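# Topology and contacts: notes
In case you want the letters, here they are:
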Amino acid sequence: MTLSEIYNEFTPGSTGFCKAVASHCGFGTSDEETARIALAASTAEEFQSIWENKNWWTDANDDAE
C-alpha cells in the first residue's frame, strides 16, 4: 500500500491512517508524529515533503519551526 493509497482509503491523521503508514511506508515515525504531519498535509506529496524537509512534526521539536 502506497502513501497515496493510504490517503485515499483513510482519514488523514486517524488511527487507521497512522497504522497503515507505520505498516507500509517505512517513515519510522510514531503515530503522534504521523498524525501531526497528516493534519498539515492534504496530499501524500505534501506529507512526503514535510517528512523530508521539516522537523516541527517530531516529538522532540513539535513546538518549533
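## So, the pattern of salt bridges
Per the stated rule, a full pass over the model turns up two salt bridges. The residue Lys-19 makes a salt bridge to Asp-31 at a minimum N-O spacing of 2.6 Å. Of this pair, Lys-19 sits in helix H2 (residues 15-24) while Asp-31 is found in helix H3 (residues 31-40), placing the two residues 12 residues apart along the sequence. Between Arg-36 and Asp-59 there is a salt bridge, with the nearest N and O atoms lying 3.2 Å from each other. Residue Arg-36 is found in helix H3, and its partner Asp-59 is found in the segment after helix H4 (44-53); the two are separated by 23 residues along the sequence. On the accessibility criterion, Arg-36 (22% relative accessible area) is partly exposed. Assessed through its relative accessible area of 42%, Asp-59 is described here as partly exposed.

What counts, and where the lines are drawn
Residues numbered from 1 in each chain as written. Predicted model: local features only at pLDDT ≥ 70, side-chain atom pairs only at ≥ 80, totals over all residues. Heavy atoms only, no water. Salt bridge = Lys/Arg side-chain N within 4 Å of Asp/Glu carboxyl O. Helix = DSSP H or I, 4+ residues; strand = E, 2+ residues; numbered from the N terminus. Buried < 20%, exposed > 50% of the residue type's maximum accessible area, 1.4 Å probe, protein only.

Shape is all these values report; function is a separate question.
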